[in-house]
Amino acid sequence: MDKAKSWSIPKLFVWDAYKRVKANRGAAGIDGQTIEEFERDLANNLYKLWNRMSSGSYFPPPVKRVDIEKRGGGSRPLGIPTVSDRIAQAVVKGYLEPELEKHFHPDSYGYRPGKSALDAVGVARERCWRFAWVLDLDIKSYFDSISHELLLRAVRKHTDCPWVLLYIERWLNAPVQLEDGTLEPRERGTPQGSVISPLLSNLFLHYTFDRWMARNYPDIPFERFADGTPVQTST
């Protein structure tokens, strides 16, 4: 390990994270840099990111806020990180996700590898024939309302990796840049549109909904999926 580095983050983690971000494409963040522009000096850009993450000197830039229209009317705020920040988030997600996946509820379908909303709908269709009623719930502004304190407490239950904890906290506290350039501090929530946010949002609901249902209503099945993060129960 380099003596100047605080943590040993394998360079392969950064390379794999870059490939995932490249495959997902996505718009430019506040710096206006696209994937194609990032790749013009790919080796140097990836090395600088690895170097900063390994030394603890990486600080995420503000997240670019964009409002997109919802199918049912109104708009949903999305947070668009820079390309470098998306890669950094993918590094942490790649490290943390396999550990969290071992604990997630089998009826949690949102933002999980190999699962989808269609899987949840299929299970709901099968179960609805066996019960008298179905309750459909939709959590309003879920991503924007998550408690940072409770979320970090949940993360610490599953890892004591110092660089994972450090960067998750920095991402949660990173400000949002509005369309007029104004920086808006964030005391709650995690931006919908960020690479790490779906995993963190799932972890939060794992404790606040999935575990709560299993403990208090073990005989009531549910299918939780992501499309604005609705949850559904039936009995």
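Residues numbered from 1 in each chain as written. Predicted model: local features only at pLDDT ≥ 70, side-chain atom pairs only at ≥ 80, totals over all residues. Heavy atoms only, no water.

Right, let's talk about the overall build of the chain for a bit. A count of helices and strands for the chain gives 9 helices and 7 strands. Taken over C-alpha atoms, the radius of gyration comes to 19 Å for the chain, in line with the 18 Å a tight globule of 235 residues would show. Principal axes of the C-alpha set define a box for the chain whose edges measure 60 × 40 × 30 Å. Burial statistics for the chain: of 235 residues in total, 44% are counted as buried. Of all intrachain contacts in the chain linking residues separated by at least 6 positions in sequence, the fraction that spans at least 24 positions is 71%. (Helix = DSSP H or I, 4+ residues; strand = E, 2+ residues; numbered from the N terminus. Rg over C-alpha atoms; globule rule 2.2 N^0.38 Å. Buried < 20%, exposed > 50% of the residue type's maximum accessible area, 1.4 Å probe, protein only. Contact = heavy atoms within 4.5 Å.)

Right, let's get into the nonpolar core. Counting 47 residues, the largest nonpolar core has Met53, Ile87, Val92, Trp163, Ile168 and Trp171 as its most contacted members. At the level of elements, helix 1 (11-24), helix 2 (35-39), helix 3 (42-55), helix 4 (83-101), helix 6 (142-145), helix 7 (148-156), helix 8 (162-173) and helix 9 (197-216) are the ones that each hand at least two residues to this core. Top contributing element to this core by residue count: helix 4, with 8 residues. Valine 92 has contacts with Met53, Trp163, Val164, Tyr167, Ile168, Trp171 and Ile196, leaving out every residue within four places of it along the chain. (Core = buried A, V, L, I, M, F, W, Y, C linked by side-chain atoms within 4.5 Å.)

Let us now look at empty space enclosed by the protein. Regions of empty space are outlined by a rolling probe, equal in size to a water molecule, passed over the atoms. Taken as a whole and assessed by the stated rule, the structure comprises 1 cavity of 30 Å³ or more. Of the pockets and cavities examined, the largest cavity occupies roughly 60 Å³. In terms of lining residues, the largest cavity is bounded by Val63, Asp85, Gln89, Trp171, Leu172, Arg186, Thr190, Pro191, Ser194, Ile196, Ser197 and Leu200. Elements with a minimum of two residues in the lining of the largest cavity: helix 4, helix 8 and helix 9. Considered class by class, the residues forming the lining of the largest cavity number 6 nonpolar, 4 polar and 2 charged. (1 Å grid on protein atoms, 1.4 Å probe; cavity = no way out; pocket = protein on both sides within 12 Å on 5 of 7 lines; lining within 4 Å. Points joined across faces, edges and corners; volume = space filled by probe spheres on them. Nonpolar A, V, L, I, M, F, W, Y, C, P; charged D, E, K, R; others polar.)

By volume, the largest pocket amounts to about 530 Å³. As for the largest pocket, its lining consists of 22 residues, of which Asn24, Gly193, Ser194, Val195 and Pro198 are closest to the centre. Top element by residues in the lining of the largest pocket is helix 4. It accounts for 5 residues. Considered class by class, the residues forming the lining of the largest pocket number 10 nonpolar, 7 polar and 5 charged.

With the rule as written, the count across this model stands at 10 salt bridges. For aspartate 16, the salt bridge identified is with lysine 19, shortest N-O distance 3.7 Å. You can see aspartate 16 and its partner lysine 19 sitting in helix 1, 3 residues apart, about one turn around the helix. A relative accessible area of 26% places aspartate 16 in the partly exposed class. (Salt bridge = Lys/Arg side-chain N within 4 Å of Asp/Glu carboxyl O.)

Taken as a whole, helix 7 has its buried residues at His148, Leu151, Leu152, Ala154 and Val155. One face of helix 7 carries all of its buried residues, which in axial projection span an arc of 155 degrees. Packing partners of the buried residues in helix 7 comprise helix 8 and helix 9. (Arc of directions from axis to C-beta.)

In an α-helix, one full turn covers 3.6 residues, which means residues spaced three or four apart are oriented alike. Spanning 20 residues, helix 9 covers 27 Å between terminal C-alpha atoms, matching the ideal 28 Å at 1.5 Å per step. Largest kink in helix 9: about 45 degrees, centred on histidine 206. (Expected span 1.5 Å × (residues − 1). Bend = angle between axes of the 7 residues up to and from the residue.)

The next point concerns the packing of helix 4 against helix 8. For any two helices packed against each other, the geometry is given by the interaxial angle and the distance between the axes. Where helix 4 contacts helix 8, the two axes come as close as 11 Å, and the packing angle between them is 135 degrees. Here helix 4 lies oblique to helix 8, going by the angle between them. Considering the relative orientation of helix 4 and helix 8, their crossing is left-handed. Along its contact with helix 4, which presents Asp85, Ala88, Gln89, Val91, Val92, Tyr95 and Leu96, the element helix 8 presents Trp163, Val164, Tyr167, Ile168 and Trp171. (Axes fitted to C-alpha atoms, helices over the stretch in contact; angles between N-to-C directions. Parallel < 35°, antiparallel > 145°, perpendicular 65-115°, else oblique. Left-handed = near helix turned anticlockwise from the far one by under 90°.)

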